[in-house]
Amino acid sequence: MNNIQGLGEDNLDTFMSNENLIVVFTQETCGACIKIREHLQKLDEKYTIVLVNPVRCPKSTRFMPIPIDFYPKIALFNRGYFIKELTQLNIIQNKIDTI
């Protein structure tokens, strides 16, 4: 089971040095965001998973090079570099490395 961390302070930069970082931009009232959490827990433990509320943590959105135009918006980072956007289906099927 994976450890999912909610970002309490606007400090996503402290996680950016991680090799396999999955960032989920989410809202508490988003139904899809709530449903995806159970699938995030099933991912390999090599991933660090951080949930970010963009309204409460606007500074942390600067790492996302594409617009956060819907929730959940999921991204894979490696040592501070944006690798790719992930879909909910990627998470559900656990197909992150094979895309």
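Notes on the structure follow. One numbering rule holds for all chains: residues counted from 1, following each sequence as written. It should be noted that, the model being predicted, local features are given only for residues of pLDDT at least 70 and side-chain atom pairs only at 80 or more, the latter also being counted only at that level, while totals for whole chains, interfaces and linings use all residues. Neither water nor hydrogens contribute to the side-chain values; these are computed over all heavy atoms in the structure.

**A short note on the overall build of the protein chain**
Here is step 1: The way it works is that DSSP assigns letters per residue, a run of H or I at least four long becomes a helix, a run of E at least two long becomes a strand, and they are numbered from the N terminus. Looking only at helices and strands, the protein chain has 2 helices and 5 strands in total.
Here is step 2: Mapped in sequence order, the helices and strands of the protein chain form the string β-β-α-β-β-β-α.
Here is step 3: Taken over the C-alpha trace, the protein chain has a radius of gyration of 12 Å; the compact-globule value for 99 residues is 13 Å, and the two agree within 12%.
Here is step 4: Counting only C-alpha atoms and orienting by the principal axes, one finds that the protein chain spans roughly 30 × 30 × 25 Å.
Here is step 5: The buried share of the protein chain, reckoned over its 99 residues, is 41%.
Here is step 6: Carbon and sulfur atoms make up 50% of the accessible area of the protein chain, which amounts to about 5600 Å² in all.
Here is step 7: Under the counting rule used here, the positive set is Lys and Arg, the negative set is Asp and Glu, and His together with the chain ends is not counted. Just so you know, the charge point we use is NZ for Lys, CZ for Arg, CG for Asp and CD for Glu. Averaging the positions of the 11 positive and the 11 negative side-chain charges in the protein chain gives two centres separated by 3 Å. C-alpha atoms define the radius of gyration, and 2.2 Å times the number of residues to the power 0.38 defines the globule rule. Only protein chains enter the calculation, and the probe is 1.4 Å; a residue is then buried if its accessible area is under 20% of its type maximum, exposed if over 50%, and partly exposed in between. Using a 1.4 Å probe, accessible areas were evaluated by the Shrake-Rupley method; residue-level cover was limited to the displayed protein chains.

**Notes on the side chain of Lys84**
Here is step 1: Looking at where Lys84 falls in the secondary structure, it is placed in strand β5 (residues 81-86).
Here is step 2: Each polar contact in these results corresponds to two N or O atoms within 3.5 Å; when the atoms are within protein, one needs to be able to donate a hydrogen and the other to accept it, and residues that are neighboring in sequence are counted only if both atoms are side-chain atoms. A distance of 2.8 Å separates a polar side-chain atom of Lys84 from the backbone oxygen of Ile96.

**Points about the environment of Arg79**
Here is step 1: As for its position among the elements, Arg79 is in the loop between β4 (73-78) and β5.
Here is step 2: Considering only alpha carbons, one finds Arg79 and Ser60, 19 residues apart in sequence, at a separation of 15 Å.
Here is step 3: We call two residues contacting when some pair of their heavy atoms lies within 4.5 Å. Residues in contact with Arg79, not counting those within four places in the same chain, are Met16, Ser17, Asn18 and Glu19.
Here is step 4: Within the local environment of Arg79, its side chain forms a polar contact with the side chain of Glu19, the two groups lying 3.1 Å apart.

**So, the packing of aromatic side chains**
Any aromatic ring pair is given by two values, namely how distant the centres are and how the planes are angled relative to each other.
Here is step 1: Each Phe, Tyr or Trp ring (for Trp, its six-membered ring) is paired with any other whose centre lies within 6.5 Å, and the angle between the two planes then decides the class: stacked below 30 degrees, edge-to-face above 60, tilted in between. According to the stated counting rule, one finds 1 aromatic pair in the structure shown.
Here is step 2: Both rings, one in Phe77 and one in Phe82, keep their centres 5.7 Å apart while their planes meet at 70°; by these two values the pair is edge-to-face.
Here is step 3: Judged by its relative accessible area of 29%, Phe82 falls in the partly exposed class.

**Some words on the sheet that holds β5**
Sheet strands pair by backbone hydrogen bonding; their relative direction is either parallel or antiparallel.
Here is step 1: Spatially, 5 strands are ordered β1-β3-β2-β4-β5 in an open sheet, and the strand pairing comes out mixed. The sheet terminates laterally at β1 (4-6) and β5, the two strands that pair on one side only. Within this sheet the neighbouring strands show an average axis-to-axis angle of 25°, counted without direction.
Here is step 2: Note: β4 against β5, 5 bridges, orientation antiparallel. Residue pairing across strands places Phe77 opposite Phe82, the latter belonging to β5. Strands pair, by our definition, only if DSSP identifies at least two bridges between them. Here an axis means a line fitted to C-alpha atoms, over the contact stretch when the element is a helix, while the angle between two N-to-C directions is reported on a 0 to 180 degree scale.

**Description of the state of the cysteines**
In protein chemistry, a disulfide is the covalent bond that joins the sulfur atoms of two cysteines.
Here is step 1: Disulfide: a pair of cysteine sulfur atoms within 2.5 Å of each other. Under the defined criterion, the tally for this structure stands at 1 disulfide.
Here is step 2: Across a sulfur-sulfur distance of 2.5 Å, Cys30 and Cys33 are joined as a disulfide pair. With the S-S bond torsion at 80°, the cross-link from Cys30 to Cys33 turns out right-handed.
Here is step 3: A residue is classified by how much of its surface remains accessible, and Cys30, at 14% relative accessible area, is buried.
Here is step 4: Distance from the sulfur of Cys57, which forms no disulfide, to the nearest cysteine sulfur (Cys33) is 14 Å.

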